[in-house]
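Structural description and commentary
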Amino acid sequence: MLLKSLNIFGFKSFADKTKILFEPGITFIVGPNGCGKSNIIDAFRWGMGEKQARSIRGERMEDIIFAGTDNRKPLSVAEVSISVDNSNRILDIDSDTVTVTRRVFRDGESEYQINRSTVRLKDVDLLFMDTGIGKSSYSVMEQGKIDLILSSKAEDRRYFFEVAAGISRFKLQKKESLKKLEETDLNLKRVVDIINEIGREKDLKERQVEKLEKYLLLKSRLVDYDINLNIYKNNELTKKKSKLLVEIEALRKKREELSAKISRISAENERDEKLVNDIQLKLFELDKDLHTYRIKLEDIDHKTEKNRRLINEQNYVKDNIDKKIDERTKTIKRLNEEKIAAQQNEEEINYRLEDYNQKLNNLKSTRKSKIEFLTNSRDKIQQNKHTISLKNEDLNNIRNSMEQVIKELLDTIEKRKAEFTASEGRRQEIRNNINHRIDSISLLIKKSLNELSLGKIDNAVAQLSEIDIDLLQNEIQIFEDYEDGFRSILFDKSGVYAKKESLDVRIKEIVSSIDNLRAEIDELEDLIRIEQKDLDSVNSDISNIEKNISRDQNDKIWIEKHLQSLNTQIVELDNQIKDYKDEKLRSFGIIKNFENEIREWEALLLDYDDKSRSLQKEVLKLTEQRGEIGKRMLQRSDLSKRDIENQKIIVDKISDKEKLLLEINFKISSIEEHLWLEYEKKLLDYKDITVDSIEYSNLQNNITETKRKIQDLGLINNLAIKEFEDLKNRFDYYTKQKEDIEKAKDDILDIIKDLDTSSAERFLETFNEIKKNMSTVFNQLFEGGDAILELADENNILSCGIEIKARPPGKSFKNIDLLSGGERALTAIALLFATNMVKPSPFYFLDEIDAPLDEENIGRFLKLLQKFSKTTQFIIISHSKKTMEIGQSFYGITMKEPGVSGIVSMKMDKVINNNPS
């Protein structure tokens, strides 16, 4: 995997789009101080996700955006793209070239992309994790990194060894596992709290169930007592009812005898009463006629007076009509002038409305497009959320499968371990045999060589013939067969570990897909906020214009109504003038009619007076006849008065007894209704049961005692049994949940333990390899001497620091703090190359790390650099001419324009200007 290119735009001093192509081998970036050489390395680190502005020599992240010069305006965006060759698929992306892009805007908005797809910084970190490439990895070596290696704090050096050991992913997994463990502890605590709370409620409900069962038993007894009590009451009421019916029947018979006697007298009075009614009817008719004549006389007087008053009013009306005609003529003139002014205002409003409507149509079109965008974006967000939900379900299913596979893997390993334990003795025996045979063969070869040097060829051949190569190969094959046990687990494509790796890939794919969907949601939500803000502004403009349109339309409507009103008023006034003239003519006719009516009514008055006096005489005669009949009726009434009083007494007695009977029937009905509503029983069901007075007294006592016992129980929860069953089910459910969470916690602790074990093993293995390489490289760079790497605390491999002791030629071992500047720099370079031998980074940026070295040390450094450049790509910033002698490609950084960096590339004898024209 090689670094192919670096594209920079708007980053620090690189104001123009600049593309740097990198070749295999050694590429130098050169130029005077302050031209922007180190900005290229800063661009790489920033593009890989560096978030600390100080780490790329800035105060704030906005400082990395081109700030402008005297001749150029500041830019609003900075962008860096890094392309690497991925033909060997070291990176987990199915593409020959992988391009990482980072972009930041001056308003603080930023984004990351991998092959033009928007991603998170986490995705970039995961992509390059444990590859030796990254914003803080040892692939970028500058003076600050050398200081970190040479730091007095042994813990600061640890980072290089962790990257080389490839345990960054383990540390991330452990961090996530610890977070899950914390969440699991919280869940466990919540579940325990819930179990305790439910347990308390369950105990309470259990006591309520016991109380309810006692209540139901007492209630059953009370029902039996109550039914027998009501049977006794019903029997007693039935006896009273029978007695009352006999008494009522006797009283009704006596009442009928008196009614017959009273009826005869009443019939005679009815006949006389009919005569009185006939006379009264005639009197009524005569009185009605008299009243009619009186009304007519009063009506004639009233009409006559009214006509005289109306004649006076009509004369007054005629006098005022001429004044009104003059007033309305003047009003018509004023209204015509007002009409002309209103028409002018209407034309001005029409012009304004046309302009407003055009603006409103444009704004509504804009609003429609924005609403459609918002709707589509929100639909897309919901769709993504639904997809995320489905993928999370898939993820959970796969993780469940992963748990089974891990369990199966552990079981397989345990099985293999047991098999190996059983055969370990034989395996060790074979190993010892192999070592013994190799030592024997080595000794025979040495003897043979010695015999050959003495010219004793036969002796040498005889000794070599004693070597049994077939036996050695057979024992080696047996030993390798023992070793294949774990290899089959790890490398069998259909084995358990292959299943685990397949599930790992699927989990990573789903997580990546979910992250992409969430990133798209975040992007859409940002766009929604922007569009919503624009939409609010458009809605505000629409609202303002609509208010203006509404105001002008209201004014226009008012003007139209006003014009209509003016026209109506003018027409109405013209009509009024015409009507007033007609009214004047009508007044003359009305006065003449009123005078004729008065003369006719005066003649009728004389006729009505004569008829009234004749009717009054007939009324007097009929009144005398009515008085004589009334005297006869009064005499008969006195005779039947005593009978009526006796009849009333009997009727009252019947009424009292019927009321009592009604009350008894009501009580019997109440008993029947009570038995039916309470117990769905009928009195007929108990017709053969009898209860005497003694039993009745005992029933009352039993009911009182039972009610007291029920009252002593207090409040009863009728739902206690159901609630207790529900709580018990919940209690059992959460108890199972607690067991599951505790198991999950144990699983997480096992995973953390496995991660710590794997990390420690890989770190220790890598540390020992680097330690071995460090001694070799140090010896090459110093042409002698030695260097030792030590763990600060061997009991704490996962967090302890790294101690470095060096012994340059002719000197004793010293802590690196006591070395000279050049020795310290060479020691740091030795550690860099020793690490590269274990976990090589595909390419390195070296920023003036040769500065502290003298000519001789530079020479040794360059030999080592040329050796490693055959397999590793180096991009070097240096001011040393001696160092530049080994360069294959060069990029020169210039500032032809103050404050703006440009680049010139050179390979062999070609010089190309990469600055845009």
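This write-up is about the structure you can find in this document. (Residues numbered from 1 in each chain as written. Predicted model: local features only at pLDDT ≥ 70, side-chain atom pairs only at ≥ 80, totals over all residues. Heavy atoms only, no water.)

1. Re the overall build of the chain
For the chain, the helix and strand inventory stands at 14 helices and 16 strands. Taken over 917 residues, the chain has a buried fraction of 36%. Sequence-distant contacts, at least 24 apart, represent 75% of the contacts inside the chain between residues at least 6 apart. For the chain, the accessible area works out to roughly 55,900 Å², and carbon and sulfur atoms hold 50% of it. (Helix = DSSP H or I, 4+ residues; strand = E, 2+ residues; numbered from the N terminus. Buried < 20%, exposed > 50% of the residue type's maximum accessible area, 1.4 Å probe, protein only. Contact = heavy atoms within 4.5 Å. Areas by Shrake-Rupley, 256 points an atom, 1.4 Å probe, with all protein chains shown as cover.)

2. A word on the side chain of Lys-370
By the element assignment, Lys-370 lies in helix 5 (residues 168–453). When sequence neighbours within four positions are dropped, the list of residues in contact with Lys-370 reads Glu-531, Asp-534, Leu-535 and Val-538.

3. Structural notes on the packing of aromatic side chains
Summed over the entire model, instances satisfying the criterion amount to 13 aromatic pairs. Consider the rings of Phe-22 and Tyr-891, whose centres lie 6.3 Å apart with planes at 65°: the pair is edge-to-face. Residue Phe-22 is found in the loop between strand 2 (18–21) and strand 3 (26–30), and its partner Tyr-891 is found in strand 14 (residues 889–897); the two are separated by 869 residues along the sequence. According to the relative accessible area criterion, Tyr-891 is buried, its value standing at 6%. Relative to Phe-861, the ring of Phe-833 lies with its centre 6.5 Å away and its plane at 55°, an arrangement referred to as tilted. Of this pair, Phe-833 sits in helix 12 (residues 821–838) while Phe-861 is found in helix 13 (residues 855–868), placing the two residues 28 residues apart along the sequence. In this structure Phe-833 comes out as buried when scored by relative accessible area, which is 2%. Overall, the relative accessible area of 2% leaves Phe-861 in the buried class. Here a set of aromatic residues connected by ring pairs shows up, and it is made of Phe-22, Phe-44, Phe-843, Phe-845 and Tyr-891. Over the ring of Phe-9 we find Lys-17, and its NZ or CZ is 5.8 Å from the ring centre. (Phe/Tyr/Trp six-rings, centres within 6.5 Å; stacked < 30°, edge-to-face > 60°. Lys NZ or Arg CZ within 6 Å of the ring centre and 35° of its normal.)

4. Remarks on unusual backbone geometry
Unusually for a residue other than glycine, Lys-12 sits at a positive phi of about 50°. Structurally, Lys-12 can be placed in the loop between strand 1 (3–9) and strand 2. Of the residues examined, Lys-12 reaches a relative accessible area of 13% and is grouped as buried.

5. Comments concerning a nonpolar patch on the surface
A cluster of nonpolar residues, Ile-445, Leu-449, Leu-452, Ile-457, Val-461 and Leu-464, forms a patch on the protein surface that exposes about 530 Å² of accessible area. For the nonpolar patch, the secondary-structure elements that each account for two or more residues are helix 5 and helix 6 (457–464). (Patch = residues over 30% accessible without salt bridge, like charges linked within 9 Å, V, L, I, M, F, W, Y side chains within 5 Å. Salt bridge = Lys/Arg side-chain N within 4 Å of Asp/Glu carboxyl O.)

6. Observations concerning the nonpolar core
Phe-833, Leu-846, Phe-861, Leu-865 and Phe-874 are the most contacted members of the largest nonpolar core, which totals 46 residues. Broken down by element, this core gets its largest block of residues, 9 residues, from helix 11 (residues 720–782). Apart from the residues within four sequence positions on either side, Leu-865 is in contact with Ile-26, Phe-833, Leu-846, Phe-874, Ile-876 and Ile-886. Within the second largest apolar cluster, 43 residues are counted, among which are Ile-41, Ile-56, Ala-78 and Ile-877. (Core = buried A, V, L, I, M, F, W, Y, C linked by side-chain atoms within 4.5 Å.)

7. Some words on the pattern of salt bridges
Summed over all chains, the structure comprises 32 salt bridges. Notably, a salt bridge pairs Glu-531 with Lys-370, separated by 3.2 Å at the nearest N-O pair. Taken as a pair, Glu-531 in helix 8 (residues 496–639) and Lys-370 in helix 5 lie far apart in primary sequence, 161 residues in all. Since its relative accessible area comes to 14%, Lys-370 is described here as buried. Sharing partners across several salt bridges, the network here consists of Asp-16, Arg-72 and Glu-897.

Interpretation note: all reported values are geometric properties and have no functional meaning in isolation.
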